[in-house]
Every structure is written in structure tokens, then in C-alpha cells.
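Each chain is listed here by its residues.
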Amino acid sequence: MLHHVRNLPFAVPFRFVILRELELRHFRNLGIQELRFPPEGVAVIGDNAQGKTNLLEAIYYLESFRSFRGAGDGELAAFPEDAFHLKGIVDGDGPATVSAGFDRRRRKKKVSVDGSETRRISAALGRLGAVVFSPSDVELVTGGPQVRRRFLDIVLSLDGNGYVESLSRYGRTLAQRNAALRANAGAQAVRAWDEELVSHGARVTHLRHEWISTWSGAFAAYCAAISGCDPVALAYRPDLGRGRVGPEDRRAEFGADEDEVGERFRERLRESWETDVRRGATTVGPHRDELLFTITSQGRPLAARTYGSGGQRRTAALALRLTEAAAIRRRRRAEPILLLDDAFAELDEGRSMRVMAMLREEGAGQVILTAPKESDARLRGPSLERWRIREGVVEA
Ligand code: ATP
Ligand code: MG
């Protein structure tokens, strides 16, 4: 099974990007510390509630400038403090410094690369090339559609092809149009936003379609390799493509042609006018997209969210993270930094061995893993240096 994945057409020449140093100041319970990471990575061992996830959250903050747990910036500063600050030294083609901070009172986020503050945070995204694996990833499958849209928004934002800009302009336009609807501002005031909404929305839909059609094959191969069976399929269901008659493969094509998406968006806005007015909100568009995980049972496709077994859902979530890692590998031509937060806690031994084997097969990037017990770390990172963490303090 493993060679099946290795032979997928995204093998690329590797270089290494590693996190060398991390300076922490008042990020959650981590206090003030400076850590130097070994190039191959480290296993951080500590009891519950000591700060293991906080540490990985801090590292990933320097990748995405937000909490991977979905926490607001205001929650991240240590309780009595007003601000936190993080600085990472990343070694790729020579060292680079990424730093970020947030001041709760001034509600201001600052991001800088190599000492100079970036005007747009989007320009600094994805410098580490890291992926987080966490037990809560299963929510990607079992949670609501907004969880999956958030996943897509993050991976696509890190892709650096204008997605963030389109998405944020779409979001702003949508908010304006909704405000006009709520205020009963009249058809003209509401529809004044439509063309802008259509153009950014079509772009967002198109880029989402592209990402999924590029990666759904890899996703399926990872699923098969982890589970040995249980095929799970990944498909994009753009809201704008809804209700289009035709065979499944035709529907799957929707999104390939950006102009067609735009046309369809205009049409749907016209159709939904009365509903929008009644509800005081725009009821069509990519803010209602869905990403579907489908299992096949006795020849029938079923939603993994409702019908999948616990193991199938966890497998699908892991495969999605492996796909994310593969996308980084291809985009950056470098091994991603793997942040494994007690990652395979609920996976049976066979599956978790296969996942680790797969990660090792694909390259030997830096691995920073956490585990409550030494015995869990042994399975996942036998040769990694061990650190302890207690009440937020790391003992290297
Ligand atoms: P588990 O093994 O249960 O997952 P963990 O080691 O991953 O535990 P974390 O989630 O990293 O634990 O840390 C939890 C601790 O961090 C809690 O004690 C919590 O009170 C503390 N904490 C969270 N946010 C803040 C904050 N803003 N300021 C200070 N402490 C915080
Ligand atoms: Mg944790």
C-alpha cells in the first residue's frame, strides 16, 4: 500500500526548513522562555494541562498568525498580561526571523519578517511550512461545514495565490450587503454590492475547486494506505453549484470555469432575492460551501459525518492532514515541519504505525511531538530528544 502513495505524482526535490529557535513572551501559560530545537525535532512529554498544546499553538501561530484551536487572539495572552509576543528563527535557505505579537488593550496584531513589520499579514503567511495533527482533527469530519471551510481557507491562504485577498474582500462585501439587507436599505443599496460579491465569490469558488480537484486523489490514496481498506472520498460541494442537474462527474466540474461560476452566482442572487430580504442576509454564495467525505457501503455513497465509524472518521481526518502536508511539500519544495499533538492517541496501533511509517517514507523533516507519557512518544518518535514540560516551563 505504501508504494501506492509514494508513486503519486508529487515527489519533488527536498530541502529542509526547520524551526531553530523560539522565543516566548506571555503566550498562554508559557511565560518567558527561549527554546532551541534540534534539527530532527523533539518529543515534549508532560501531564495534562501543563502547556503541550499551547507550545504547538505558539509555533503554528508563526505560520498562520492565528490559533489553530480557533481561539481569538485576546485569549492567547497570559491572563494578567495585556500582550504576548513570539519570535521564531527558521532555517531554510539561510535563517529567517518571523515574529508576531498581539496587544489586547489596543487590539493590535503585529507581524514582522526579518525585523521589518509587514503591512499585510498575508505576505508573511506560511513561512514555516508546518502542519498540526491533533486529536480534535476528527471534528473536520464530524463538525459543521464551517469547520471544513476554515480548513480550506487556511490551506488555501498558505498557498499564496491571491486566495486570502479574494476571501477577505468577499467577506467584507458580504458584510456590507447583509448590513444593507438588515437595514431595509432598498433594492438599489443592496444590489450595489452584487458585482463585487460575484467577482470575489467566483474567484474563491474557483480556487477551492482547483485545490480539491488537485488533491482528492492523494487524499483517497492516503485513506487507503492508513486503513488498508475503507475507501473515503473527498469532494467539493460549492453552494453555487447546488441544484444543477446532471451526472455526478458534471457536478464535480463546477468551479473549473470562473466565468460560469460568476454567471451562476448572478442568477442565484436574483432567485434568492425574496428570501434574502425576508431573512436579512445573503443566503447564497461560497460562505455556504461544503466539503464532503463519503464512504461507500454496499455500493451506496454515504456521508462519513453521519454514517462513518469512529475509525473511518479519524482515518479521513488524518488523511486530510497528510494531504495538507503533501500540498506544503509541493508548494515549498521542502519537508513540512510536523507538529504532532498527542496525535494518534485514539488510533489503533496498526494505523498509527502506518501513519508514522508514511510520514517517515516521505522524508525526514523536523517533528515536534507531544505526549502525556513516555510510552506514547516511544512509538511515534523513538530517536527524538526528550523534553519535559511542567506548568508551562520546558526543561530541555
Ligand atoms: P492535555 O494533555 O490535557 O492536552 P496540555 O499540556 O496540552 O494538556 P494545554 O492545553 O497546552 O495543556 O495547556 C492548558 C493550560 O494552559 C491550562 O492550565 C490553562 O489554564 C492554561 N492557559 C490557557 N490559556 C491561558 C492563558 N491565556 N493564560 C494563562 N494560562 C492559560
Ligand atoms: Mg493538549
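All of the points below concern the structure found in this document. (Residues numbered from 1 in each chain as written. Chains lettered and ligands numbered in written order. Predicted model: local features only at pLDDT ≥ 70, side-chain atom pairs only at ≥ 80, totals over all residues. Heavy atoms only, no water.)

### Quick notes on the site of ligand 1
Our working rule: Residues are classed as near a molecule or strand on a simple rule: at least one heavy atom within 4 Å of it. Within 3.5 Å is the distance limit for a polar contact, defined as a pair of N or O atoms, with the added protein rule that one can donate a hydrogen and the other accept it, and that residues adjacent in sequence qualify only through two side-chain atoms. What sets the accessible areas is the Shrake-Rupley method with a 1.4 Å probe; for residues, cover comes only from the shown protein chains.
Taken together, 15 residues lie near ligand 1, and N48, A49, K52, T53 and N54 sit nearest. R28 is positioned such that a nitrogen or oxygen atom in its side chain is 3.1 Å from a nitrogen atom of ligand 1. Contacts to ligand 1 include E75, whose backbone N or O atom sits 2.9 Å from a nitrogen atom. Taken by itself ligand 1 offers 650 Å² of open surface, and the protein chains cover 72% of this.

### As for the pattern of salt bridges
Using the following cut-off: Each salt bridge in this description consists of a side-chain nitrogen of Lys or Arg and a carboxyl oxygen of Asp or Glu lying within 4 Å of one another. A run of H or I in DSSP becomes a helix once it reaches four residues, and a run of E becomes a strand once it reaches two; helices and strands are each numbered from the N terminus. For each residue, the accessible area found with a 1.4 Å probe, counting protein chains only, is set against the maximum for its type, and the residue is called buried under 20%, exposed over 50%, and partly exposed in between.
According to the stated counting rule, one finds 26 salt bridges in the structure shown. Salt-bridge contacts for D137 lead to R321; the nearest nitrogen and oxygen are separated by 3.0 Å. Residue D137 is found in the loop between strand 9 (130-133) and helix 3 (139-142), and its partner R321 is found in helix 12 (residues 310-332); the two are separated by 184 residues along the sequence. Of the two residues, D137 and R321, neither departs from the other in class, the shared state being buried. The partner of R208 in a salt bridge is D153, and the shortest N-O contact between them spans 2.9 Å. Taken together, the residues span a long stretch of sequence, with R208 in helix 7 (residues 194-227) and D153 in helix 4 (residues 145-158) at a distance of 55 residues.

### Things to note about the sheet that holds strand 8 (residues 116-117)
As a reminder, the rule being used: Between any two strands, at least two bridges found by DSSP are needed for them to pair.
A sheet is described by the order of its strands in space; here 6 strands give the open sequence 3-2-5-6-7-8, paired in antiparallel fashion. If you trace the sheet from one side to the other, it starts and ends with strand 3 (32-36) and strand 8, each paired once. Relative to strand 8, strand 7 (residues 108-113) runs antiparallel, the two being bridged by 2 bridges. Each bridged residue has a counterpart across the sheet, and for S112 the counterpart in strand 8 is E117.

### A closer look at the environment of A179
Mapped onto the elements, A179 comes out in helix 5 (residues 163-182). Residue A179 is classed as partly exposed on the basis of its relative accessible area, which comes to 35%. Sequence separation between A179 and G280 is 101 residues, and the spatial gap between their C-alpha atoms is 8.0 Å.

### Details of empty space enclosed by the protein
Spelled out, the test is: Any residue with an atom within 4 Å of a point lines the site, the site being either a cavity, points on a 1 Å grid over the protein atoms alone where a 1.4 Å probe fits but cannot get out, or a pocket, an open set with protein on both sides within 12 Å along at least 5 of 7 lines. Grid points are joined across faces, edges and corners, and a volume is the space filled by probe spheres set on the points. All residues other than Ala, Val, Leu, Ile, Met, Phe, Trp, Tyr, Cys, Pro, Asp, Glu, Lys and Arg, Gly among them, are scored as polar; the first ten of these are nonpolar and the last four charged.
Under the definition given, this model contains 3 cavities of 30 Å³ or more. Taken as a whole, the largest cavity spans an internal volume of roughly 150 Å³. As for the largest cavity, its lining consists of 14 residues, and the residues nearest its centre are S134, P135, R314, L318 and A343. Take the lining of the largest cavity: its biggest share by element is 4 residues, from helix 12. The class makeup of the residues in the lining of the largest cavity is 9 nonpolar, 1 polar and 4 charged. Approximately 70 Å³ is the volume attributed to the second largest cavity. Forming the boundary of the second largest cavity are V155, L158, D159, W211, E324, A327, I328 and R331. Where the lining of the second largest cavity is concerned, the elements lending two or more residues are helix 4 and helix 12. Looking at the lining of the second largest cavity, the element that brings in the most residues is helix 12, giving 4 residues. Classifying every residue of the lining of the second largest cavity gives 5 nonpolar, no polar and 3 charged.

Shape is all these values report; function is a separate question.
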